[in-house]
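# Topology and contacts: notes
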Amino acid sequence: YRGTPSYQLITQRNKPLNRDWEIAHCEFTDDHDGVWIRYVNNLRFHHNLVDHFNDDGIEVGARKRDHELYIYQNLISRCGLTFTLHEMETDEGATEVNPGSGIYITRNLVDLRRGLFKGPPRQPDPTAAFLQSSSSLAGDHSSPIWPDYWFYHNTVLRTDNAWRGYYGHGIGGRGVRGNRRALLNNCFVQLRGVPGLSFAPTPANYQIDGNLHWGLVDGPAF
């Protein structure tokens, strides 16, 4: 049901926290929100389909002292906020993190080209123009402190520019305060225009190298 935050998977804040999970070869599709995996440490999330959520796609959680999520080799498409965070709980927002802690996102295909279902059409619409609300690669609610992000060997497809033309279809400009972010060897491909190269004004610890940026229509003449 697209009118309420009905996550298809929700992990709990029990003590001790969940750990050492594997979620593989599953399909999460067609709802308001997708999967809430912030309360699992050492999670392997791979070879899944995540498609068509008109709000949150994969909720990875705000920064924690000890938090490792491995998200790899998935097909992810049509999410309002593909990788998303909500406000911090009392045990989050750590100023220091354990070595290796963070979110590792690698070798995924993230396809943000098709539109989202935001509401029923006011009249029959054979063109499906009402599906054209755009997706975003990264976003949050209430400006939490993001965990460290390691984003590498992914292919991300968009139709037009990300919000404010932020780098990496948006992941280079959202939630960069107080964390590390590595964006390595990714392909950012855009149908119209060329991928934006803007960064948020907040000082950030970036490591960026080896990324390909391409516009299918405007790239050759840029």
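Here the structure is shown first, and the text comes after it.
The sections below set out a description of the structure shown in this document. Bear in mind the structure is a predicted one, so any value in this text is a computation, not a measurement. (Residues numbered from 1 in each chain as written. Predicted model: local features only at pLDDT ≥ 70, side-chain atom pairs only at ≥ 80, totals over all residues. Heavy atoms only, no water.)

### Overview of the overall build of the chain
Inclusion rule: By the criteria applied, helices consist of DSSP H or I runs no shorter than four residues and strands consist of E runs no shorter than two, each listed in order from the N terminus. For the radius of gyration, the atoms used are the C-alpha atoms, and the globule rule reads 2.2 Å times the number of residues raised to 0.38. The buried label applies to any residue whose accessible area, calculated with a 1.4 Å probe on protein chains only, is under 20% of its type's maximum; exposed applies above 50%, and partly exposed to all values in between. Note on definitions: a residue-residue contact is assigned when non-hydrogen atoms from the two residues lie within 4.5 Å. In short, Shrake-Rupley with a 1.4 Å probe defines the accessible areas, and a residue's cover is counted only from the protein chains shown.
Across its full length, the chain carries zero helices and 17 strands. Over its C-alpha atoms the chain spans a radius of gyration of 17 Å, differing by no more than 12% from the 17 Å that the globule rule assigns to 222 residues. Dimensions of the chain, computed from C-alpha atoms along their principal axes, come out at roughly 50 × 40 × 30 Å. Taken over 222 residues, the chain has a buried fraction of 49%. Put simply, of all contacts in the chain between residues at least 6 apart along the chain, 73% involve residues at least 24 apart. Accessible area of the chain: about 10700 Å², with a carbon and sulfur share of 52%.

### Notes on empty space enclosed by the protein
For the record, the criterion: Grid spacing is 1 Å over the protein atoms alone, the probe is 1.4 Å, and a cavity is where that probe fits but cannot get out, while a pocket is an open set with protein on both sides within 12 Å along at least five of seven lines and lining residues have an atom within 4 Å of a point. Grid points are joined across faces, edges and corners, and a volume is the space filled by probe spheres set on the points.
Considering all chains together, one arrives at one cavity of 30 Å³ or more under this definition. Along its surface, the largest cavity is lined by Arg63, Lys64, His67, Val97, Ser101, Gly102, Ile103, Pro147 and Asp148.

### Quick look at the pattern of salt bridges
Operational definition: When a carboxyl oxygen of Asp or Glu lies within 4 Å of a side-chain nitrogen of Lys or Arg, that pair is called a salt bridge.
What the rule picks out here adds up to 10 salt bridges. Linked by salt bridges that have partners in common, Arg38, Glu59, Lys64 and Glu92 make up one network.

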